[in-house]
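Read off the chains here:
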Amino acid sequence: MALRAVRQLVSRGKTNLAKINDITNPTSTEKRERLVILGTGWGSYSVLKTIDKNKFDVIVVSPRNHFLFTPLLCSTTVGTLEFRSVIEPVRNTIFRQPDHFHLSFATKLDIENKKIHCESVLKSELKYTIDFDKLVIGVGALSNTFNVPGVQEHSFFLKFVSDLDLKKNKQGQVSNGEIIPCGMVVWSGGIAPRQFVSDLDLKKI
């Protein structure tokens, strides 16, 4: 919108630099609506990258400071890819102010008073609220076990970067520097499980 307004001024022969600067760099006294985004997944990150930060004060609340390209996550569990190659730091989207990103859990939503109750990831005793004018909720969902007995209790879900080391350790037990093969069952036949199996060295399982 700002770029369009600048083009209109130029096309009309009105190249007042002060006016153009006001459009592209709104003053701090100008009232912007506060847009709070919960999560840094596919939906939330898409909004964060495309939203006009000259029109909104964009604040992100998430327990993770990166966007994860989940289709390639399974390849990192077996060493085909390095996990750093499948994540993008949220800071790359460039916030208006450093404190516009909160590494926190959103624990409660007060719609009536337009407040988000948060709890810091780094300091669990630190609890606070954030006011909002508009809200985007993109916190994802839990993996569906289809109520199959034993899946929830005995499975290792592949959803976050924090799951990677656990799966690498569970693929084989190490004794005197050698890997002892162990049994493995892959639940579900979706894209991620099939990719995971195709990347495995089945001779070691």
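Please read these numbers as outputs of a predicted model, since none were measured by experiment.

Caption draft 1: Region of interest: the side chain of Arg 32. The residue Arg 32 is located in the loop between α2 (17-24) and β1 (33-38) in this model. Side-chain polar atoms of Arg 32 contact the backbone oxygen of Asn 54, separated by 3.2 Å.

Caption draft 2: Looking closely at the confidence of the model for the protein chain. In the predicted model, the protein chain carries a mean pLDDT of 77, and 73% of its residues have values of at least 70. Across residues 1-29, where pLDDT falls below 50, the model places 21 contacts with residues more than four positions away in sequence or in other chains. Under a pLDDT of 50 for its full length, residues 172-180 has, in the predicted model, 7 contacts with residues more than four places off or in other chains.

Caption draft 3: Looking closely at the nonpolar core. Counting 10 residues, the largest nonpolar core consists of Leu 35, Ile 37, Tyr 45, Leu 48, Phe 56, Val 58, Val 60, Phe 67, Val 90 and Phe 95. For this core, the elements supplying multiple residues, two or more each, are β1, α3 (42-50) and β2 (56-62). In terms of residues, this core owes the most to one element, β2, which gives 3 residues. Residues within four places of Phe 95 in sequence aside, it is in contact with Leu 48, Val 58, Val 60, Val 90, His 100 and Phe 101. With 8 residues, the next largest nonpolar core counts Val 36, Leu 38, Cys 118 and Phe 132 among its residues.

Caption draft 4: Focus on the pattern of salt bridges. Under the counting rule described, the total for this entry stands at 5 salt bridges. Residue Asp 57 pairs with Arg 96 through a salt bridge whose shortest N-O separation is 3.7 Å. With Asp 57 in strand β2 and Arg 96 in the loop between β4 (87-89) and β5 (101-110), this residue pair connects regions lying 39 residues apart in the sequence. What makes Arg 96 partly exposed here is its relative accessible area of 34%. For Arg 84, the salt bridge identified is with Glu 82, shortest N-O distance 2.8 Å.

Conventions adopted
Residues numbered from 1 in each chain as written. Predicted model: local features only at pLDDT ≥ 70, side-chain atom pairs only at ≥ 80, totals over all residues. Heavy atoms only, no water. Helix = DSSP H or I, 4+ residues; strand = E, 2+ residues; numbered from the N terminus. Polar contact = N/O pair within 3.5 Å; in protein donor to acceptor, adjacent residues only side chain to side chain. pLDDT = per-residue confidence, 0-100. Contact = heavy atoms within 4.5 Å. Core = buried A, V, L, I, M, F, W, Y, C linked by side-chain atoms within 4.5 Å. Buried < 20%, exposed > 50% of the residue type's maximum accessible area, 1.4 Å probe, protein only. Salt bridge = Lys/Arg side-chain N within 4 Å of Asp/Glu carboxyl O.

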